[in-house]
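Chain by chain, the residues:
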Amino acid sequence: MKLLKLSRYPVILLLAFGVNLGLFIMIQIMVTHDDFRVPRVENMNFVDFIRFREEPRTPDEIQEEERLQEPPPPDEPPPPPEISGPEPVTPQPLEIDMPLPSLDVPLSLSGTPYVGDFMKSAPPGKFRQEAPPQPKILTDIVPTMKIPPDYPRRALRSGIEGVVTVEFTIGTDGSVRDPVIVKADPPKIFDRAVLKAIEKWKFNPEKKDGKPVEVRARQDVRFTLKK
């Protein structure tokens, strides 16, 4: 056993020597090889910034710099060209030689012309402009066909009653046209229902000298709830 242990030392020494030799050769190759040389920098430009201290400017230099920065004044427009034309002609007033009539009217005590008793003798209202007669509006005419208007839902839910006065034209055939609300109490609750219903009403046409004529009529339409 001792001989076997002693025989291992030479082998270990040889292996260590071989490993060291190999590492030394590799280092030598890496150092002496051209590819591993670092290129030498011969020319290199460097930029150096130098800050100068700004010197104070004089008032004249500041004024000159402001003058240069001001925009140039705008060009003045050229004067308008002078146009020569004919001189305006001033019209001369026309002189008309016309004899004035002589009016010999006696004056009253107040200095106004005296017209005598003409105004006293004139009947009253003779010279007043009379208003044109208004067309007659029938209020007691009875329709031959009457369709009751629909009770508005809003008024029905709220329990509102009212009356609407409507004016319309009865044609020669007894039909109704041009209805207009004259009065409504309460306003704008039953108006639409009345206008929609009254256009379907029928009347006996009025006659004048035996011929049917158009007339204007007025009716009250009442809205009441059943008790």
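Our structure's up above, just so we're on the same page.
Being a predicted model, the structure only gives us computed values, none of them experimental.

S.K.: Break down the nonpolar core for me, with residues and values.
M.R.: Counting 18 residues, the largest nonpolar core has F168, I170 and F203 as the members making the most contacts within it. Setting aside residues up to four positions removed in sequence, I170 forms contacts with I141, S175, F203, V213, E214, V215 and A217.

S.K.: Talk me through the pattern of salt bridges; I want residue IDs and the actual numbers.
M.R.: Summed over all chains, the structure comprises four salt bridges. A salt bridge links R177 to D178; its shortest N-O distance comes to 2.9 Å. With relative accessibility at 34%, the residue R177 sits in the partly exposed group. A salt bridge links R177 to E214; the shortest N-O distance between them is 2.5 Å. Note that R177 is positioned in strand β3 (residues 176-185) and E214 in the loop between β5 (211-213) and β6 (215-223), a separation of 37 residues in sequence. Where salt bridges share partners, they join E167, R216 and R218 into one cluster.

S.K.: Please provide a residue-by-residue account of the sheet that holds strand β1 (residues 137-138), values included.
M.R.: The strand order β1-β6-β2-β3 describes an open sheet built from four strands, whose pairing is mixed. Each end of this open sheet is capped by a strand with a single partner; those strands are β1 and β3. Judged from the seven bridges that link them, strand β2 (residues 162-170) and β3 form a sheet pairing that is antiparallel. Following the sheet pairing, V163 is matched in β3 by D185.

Conventions we followed
Residues numbered from 1 in each chain as written. Predicted model: local features only at pLDDT ≥ 70, side-chain atom pairs only at ≥ 80, totals over all residues. Heavy atoms only, no water. Core = buried A, V, L, I, M, F, W, Y, C linked by side-chain atoms within 4.5 Å. Buried < 20%, exposed > 50% of the residue type's maximum accessible area, 1.4 Å probe, protein only. Contact = heavy atoms within 4.5 Å. Salt bridge = Lys/Arg side-chain N within 4 Å of Asp/Glu carboxyl O. Helix = DSSP H or I, 4+ residues; strand = E, 2+ residues; numbered from the N terminus. Pairing = 2+ DSSP bridges.

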